[in-house]
Each structure stands twice: as C-alpha cells, then as structure tokens.
Amino acid sequence: MNSTDRPAPPHPLFSLKNQVALVTGASRGLGFEMARALANHGAQVWLGGRDLDALQAAAECIQEHCRVHGGSVHPLPVDLTDPGLSSAALETLLKQSGRLDILINNAGQRRREPLEQLPSAALRELLETNLIAAWHLCREAARPMRAQGSGCIINITSIAGPIARAGDAAYTTSKGALDAMTRALAAELGPDGIRVNAIAPGFFSTEANANMVSDPQIQSWLDKRTSLGRWGQPHEVAGAAVFLASGAATYITGQTLTIDGGFLSHF
Ligand SMILES: NC(=O)c1ccc[n+]([C@@H]2O[C@H](COP(=O)([O-])OP(=O)(O)OC[C@H]3O[C@@H](n4cnc5c(N)ncnc54)[C@H](OP(=O)(O)O)[C@@H]3O)[C@@H](O)[C@H]2O)c1
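Quick look at the structure, then. (Residues numbered from 1 in each chain as written. Predicted model: local features only at pLDDT ≥ 70, side-chain atom pairs only at ≥ 80, totals over all residues. Heavy atoms only, no water.)

**A few points about the overall build of the protein chain**
Then, number 1: Secondary structure summary: the protein chain contains 8 helices and 7 strands in total.
Then, number 2: Computed over C-alpha atoms, the radius of gyration of the protein chain comes to 18 Å, within 12% of the 18 Å expected from 2.2 N^0.38 for 267 residues, which places it in the range of a compact globule.
Then, number 3: On the principal axes, the C-alpha backbone points of the protein chain span a range of 45 × 45 × 40 Å.
Then, number 4: Here the protein chain, with 267 residues, has 45% of them falling under the buried criterion.
Then, number 5: Pairs at least 24 apart in sequence give 75% of the contacts found in the protein chain among residues at least 6 apart.
Then, number 6: Of the roughly 12,900 Å² of accessible surface on the protein chain, a fraction of 53% belongs to carbon and sulfur atoms.
Then, number 7: A gap of 4 Å separates the mean positions of the 22 positive and 24 negative side-chain charges of the protein chain. (Helix = DSSP H or I, 4+ residues; strand = E, 2+ residues; numbered from the N terminus. Rg over C-alpha atoms; globule rule 2.2 N^0.38 Å. Buried < 20%, exposed > 50% of the residue type's maximum accessible area, 1.4 Å probe, protein only. Contact = heavy atoms within 4.5 Å. Areas by Shrake-Rupley, 256 points an atom, 1.4 Å probe, with all protein chains shown as cover. Lys, Arg positive; Asp, Glu negative; His and termini not counted. Charge placed at Lys NZ, Arg CZ, Asp CG, Glu CD.)

**What about the packing of aromatic side chains?**
Then, number 1: Summed over the entire model, instances satisfying the criterion amount to 4 aromatic pairs.
Then, number 2: Pairing Phe203 with Phe263 gives two aromatic rings, centres 5.3 Å apart and planes at 35 degrees, and the pair type is tilted. Here Phe263 lies in the segment after strand E7 (256–259) and Phe203 lies in the loop between strand E6 (194–201) and helix H6 (210–213), a separation of 60 residues in the sequence. Pair check on accessibility: Phe203 and Phe263 agree, each one buried.
Then, number 3: Here the aromatic residues Phe203, Trp221, Trp231 and Phe263 are joined through ring pairs into a cluster of three or more.
Then, number 4: The ring of Phe263 has Arg225 lying over it, and the distance from NZ or CZ to the ring centre is 3.9 Å. (Phe/Tyr/Trp six-rings, centres within 6.5 Å; stacked < 30°, edge-to-face > 60°. Lys NZ or Arg CZ within 6 Å of the ring centre and 35° of its normal.)

If you want it as structure tokens, here you go:
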C-alpha cells in the first residue's frame, strides 16, 4: 500500500476509535459501505449477514486500510429473522468485544408487487426482515448500551416511508413502521443515553437495483426527478452513518436523515 492509498486520518470529532459496531446486511451494498467507513474511522466493526463467504470477502476488502486508524472487521454470520440466532450472534459479539456502541439495522428485502399479489403471509415475511429483526436487535442491544450509559442505533429506512408509489405497498409499510419505531425508541431509550436515528436513502445503485439501473427509461426519469440528476452511489450513505455515530451528533436523536439527491424536496 503506498501513502496515497491510505484513508486520511479522521477529524477527532468523527473518530470512532475504541467503539464497537454491528452493521447488519454488511456483505454488500449500503451496509458494506457504512461498515467500511466506520472501520476506517477506527471502529471495531462486526459484519452481519447470512452468507459467511460473502462476509469474509467483504471483511478482507475492508481490513487492510482500516487497520491504519485502529479499525478492524469481523464476520458475524446470522439469519436475523430467527430471534434465537440473532440473540446468539449478539452474545458472541459481546463475549469477544465486551461492549456494543453502534448498531446499524441495515439488512432489508424488497417485494415490488401489487396488493392483489401479496397475501398477508408475504407482508409478514417482509416485516420479519425489515422490521421485526431490527426490533429484536434494538431490544437486545439496549441491554449492554444501558449498562454502558451510552449507545447509538441507526435504522436504515427509505424515502418509501414518508412517500409511496403503486405496486410497492409491503416495502413501504415496513419502512414507514421502521421510521415510527425510530422515533418511539428514541423517546424510550434517550434517558439511558441511547440515541436512535434513521437514515432514509433514496435511489442508490446497488446490486438490489441492478435491473432499474440498467433501464434507460428509469435512468431518464430519475435524472429529471432528482435535483442532482443521478443515482446515489453506495458510498454516499457512509458519511451520514459516521456522523450520526460520532461525537459530532451527541445531541441528535429521533431524527431521520434523508439522503436522496433531492428526490423528496424536488417539485
Ligand atoms: N439501494 C437503495 O436504493 C435503497 C433505498 C432505500 C433504502 N434502502 C435500504 O437500505 C438497506 C440496504 O440496501 P441494499 O440495496 O444495499 O440491499 P442489498 O444489496 O439487497 O443488501 C441487503 C443485505 O442484507 C442482508 N440480509 C438480507 N436478509 C437478511 C437476513 N434475514 N439476515 C441477515 N442478513 C440479511 C444481505 O445479505 P445476505 O443475503 O447474504 O444475508 C445483504 O448483505 C435495505 O434495508 C434497503 O431497504 C436501499
């Protein structure tokens, strides 16, 4: 590695040295970029996801540079829809790290289908990943965070929470509920020193959106529909995660930070 490859040292206000973080859905996409940024700011980051090989590949990709500022990465294979497995994974993390400072509930799924093709069971399945898994981890993480007297939870919601379009009702329902959960838990956990915020991404060019990214019609619609006239790149959520987790945000809780290139504000 030559000196130009090294990430610049973080400003002290944004340093996450000695902080332990769990990022769910960190094997790719937005979760991977947030995990990488936390580690590059000095945090010890645990990467949650179901596919161990993918987590190991992600960890290898992050770890060389993050060591420079004291960061490290550790795969944590788990299917978060199983509360028993989720609790056990957190237990493993706590046994090895002794604390948990930052939880990013990022793992998510999408089903773009109209109402008549979505039986209640399909909604239930989506809620298990997008909402209930995050609820369970918030409960479990709150215990060590309470004992420490501090903690930061960030839920990854979506612009499909406050606004909606036809054919995406299950996802929109799940993200709207996650947004409401963020405010409710901020109120409940604030007295224990635990901050709870959300990041609401707009349209990002991740693997999950590959079909849309390559569709010229969607491309041209998005160019006109966003103030910045383009897709978001996955790394462009990372700064917000570092900011919300850092000493720069110690009086911020119950908020949703929208990162959408101006989609919501654009008329
Ligand atoms: N991309 C966007 O434009 C956009 C916009 C708004 C909001 N968001 C939200 O941002 C988050 C990340 O989006 P993305 O596009 O990066 O998604 P993605 O590429 O589909 O990645 C999803 C991640 O979640 C993990 N995951 C899924 N189900 C899981 C489970 N049951 N247990 C553990 N891990 C699980 C996946 O790993 P495995 O499959 O290996 O388990 C993967 O690492 C999601 O919550 C999404 O709703 C994305």
